[in-house]
Amino acid sequence: MTQPVRIGIDPPQRIAISNEIGHRPAAMPSHSVLRPTIGTFATGLSTQMRVIGALLLRELHTRYGRENIGYLWLIGEPLMLASVMALLHTGGHTAYGSDIKPLPFIVIGYTTYIMFRGIVNRSDSALTANAPLLYHRMVTIFDIVVARALLEAAGTFLAYTVLMVLLWSLGLVSPPARPLYLYAAEALMFWYALGNAMIIASITFHNRTVERLVHPYSYFMIPLSASFYQVSMVPQPYRAWLMLVPLPHIMEMARYGQFNSATLDYCSPWYVVGACMVLTWVGLVTMRIYRNKVHLN
């Protein structure tokens, strides 16, 4: 009688021997691979959400602390900047429609751009300030960048909400005409800024020259963002060149969500989504390349 061989035989040969002696291996259930995969993904996602939440709370405490007004500085800084810009443009005019007043026009444009500027400017020191956290296996560069971006986005959106509620109570602005478009524009701005931040955070950790260019880059993008003017005011062929930048598309969508008379004539949401996907992919690849070059002392 043939004895089953247990040592020195590869699994495929073992299956062949079992077939020869009349024993066939049991079929693997179809769900045995699917369940661990879904469970592993859910567990990993839950762990990453907790890590990002912990990093966000740490960033909030280390940046603002409990002195003076403490965590209120989260909305205090963007609120003051937006208020000053709104007062400077109170006497301006727009040609978009009768319900678009200068004050809400500037508030929505500048607060939306502050989100981009804040996320990009904070990304250059993300790894430098949080490099010791990479000792922990669960903390990644992506988690650090996302936590900082979420904190900046929350501060600017809360500042926009507070300012618009104040203007609404004074009768200077109406509620958003199309809230979903407004929220979609804010989400696209966050995604676009996050893609930029992922690339910048990875490169600037080893390249101080690029780090010096981050702040000028954020200010250089102000005239290209259409934050203080309407795209319809720009003549051709400059308008076509301007629309190659995703920021004017986002601004036009935000105004379409806020004002009833605004249009989407100069907005292509799918163009912005495509640009954000490319930036995200480049950012993930850049993080993968540079994460092995981060040396902790």
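Everything discussed here concerns the structure shown above.
Cut-offs used in this document
Residues numbered from 1 in each chain as written. Predicted model: local features only at pLDDT ≥ 70, side-chain atom pairs only at ≥ 80, totals over all residues. Heavy atoms only, no water. Helix = DSSP H or I, 4+ residues; strand = E, 2+ residues; numbered from the N terminus. Salt bridge = Lys/Arg side-chain N within 4 Å of Asp/Glu carboxyl O. Buried < 20%, exposed > 50% of the residue type's maximum accessible area, 1.4 Å probe, protein only. Core = buried A, V, L, I, M, F, W, Y, C linked by side-chain atoms within 4.5 Å. Contact = heavy atoms within 4.5 Å. Expected span 1.5 Å × (residues − 1). Patch = residues over 30% accessible without salt bridge, like charges linked within 9 Å, V, L, I, M, F, W, Y side chains within 5 Å. Areas by Shrake-Rupley, 256 points an atom, 1.4 Å probe, with all protein chains shown as cover. Axes fitted to C-alpha atoms, helices over the stretch in contact; angles between N-to-C directions. Left-handed = near helix turned anticlockwise from the far one by under 90°. Nonpolar A, V, L, I, M, F, W, Y, C, P; charged D, E, K, R; others polar. Phe/Tyr/Trp six-rings, centres within 6.5 Å; stacked < 30°, edge-to-face > 60°.

Student: So, the environment of G76: which residues are in play, and what are the values?
Tutor: With respect to the helices, strands and loops of the structure, G76 is situated in helix α3 (residues 73–88). For the pair G76 and A159, spaced 83 residues apart in the sequence, the C-alpha separation amounts to 7.3 Å.

Student: Could you give an account of the pattern of salt bridges, naming the residues involved and the relevant values?
Tutor: Where charged atoms of side chains with opposite charge meet at close range, the side chains can pair. For the structure on display, the rule yields three salt bridges. Taking the shortest distance from any N to any O, the salt bridge between E152 and R122 comes out at 3.3 Å. Of this pair, E152 sits in helix α6 (residues 141–169) while R122 is found in helix α4 (residues 102–123), placing the two residues 30 residues apart along the sequence. The class for E152 is buried, based on a relative accessible area of 12%.

Student: Describe the nonpolar core, and please don't skip the residues or the numbers.
Tutor: Among the nonpolar cores identified, the biggest contains 67 residues, and F116, V145 and L247 are the most heavily contacted of them. Residue assignment for this core shows that the elements contributing at least two residues are α2 (34–64), α3, α4, α5 (126–130), α6, α7 (179–204), α10 (246–258) and α11 (269–290). Among the elements that line this core, the one with the most residues is α7, at 13 residues. Ignoring anything within four residues of it in the chain, the contact list for F116 reads M189, Y192, A193, N196, Y217, M221 and L247.

Student: Break down α10 for me, with residues and values.
Tutor: Between its first and last C-alpha atoms α10 spans 19 Å; for 13 residues at 1.5 Å apiece the expected length is 18 Å, and the two agree. Counting buried residues in α10 gives 13 out of 13 residues, a clear majority hidden from the surface.

Student: Tell me about a nonpolar patch on the surface, and please be specific about residues and values.
Tutor: A cluster of nonpolar side chains, namely F41, L45 and M49, defines an oily patch on the protein surface of about 320 Å² accessible area. The topology assignment puts M49 in helix α2.

Student: Explain the packing of α6 against α7 to me, and be specific about the residues and the numbers.
Tutor: Look at α6 against α7: their axes get within 10 Å of each other, and the N-to-C directions meet at 145°. In the crossing of α6 with α7, the sense of the turn from one axis to the other is right-handed. Contact residues: α6 offers F142, V145, V146, A149, L150, A153, F157 and Y160, while α7 offers L182, Y183, E186, F190, L194, A197, M198 and A201. Taken together, the residues of the contact of α6 with α7 sort by class into 15 nonpolar, no polar and one charged.

Student: With reference to specific residues and values, describe the packing of aromatic side chains.
Tutor: Tallying each qualifying case throughout the model produces eight aromatic pairs. Judged by centre distance (4.9 Å) and plane angle (85°), the ring pair of Y181 and Y256 falls under edge-to-face. Of the two residues, Y181 sits in helix α7 while Y256 sits in helix α10, which places them 75 residues apart along the sequence. Exposure remark for Y256: the relative accessible area of 17% places this residue in the buried category.

Student: Break down the side chain of E252 for me, citing the residues and quoting the values.
Tutor: Relative to the assigned elements, E252 resides in helix α10. Accessibility expressed as a relative area gives 0% for E252, which makes it buried.

That's the geometry; what it means functionally is another story.
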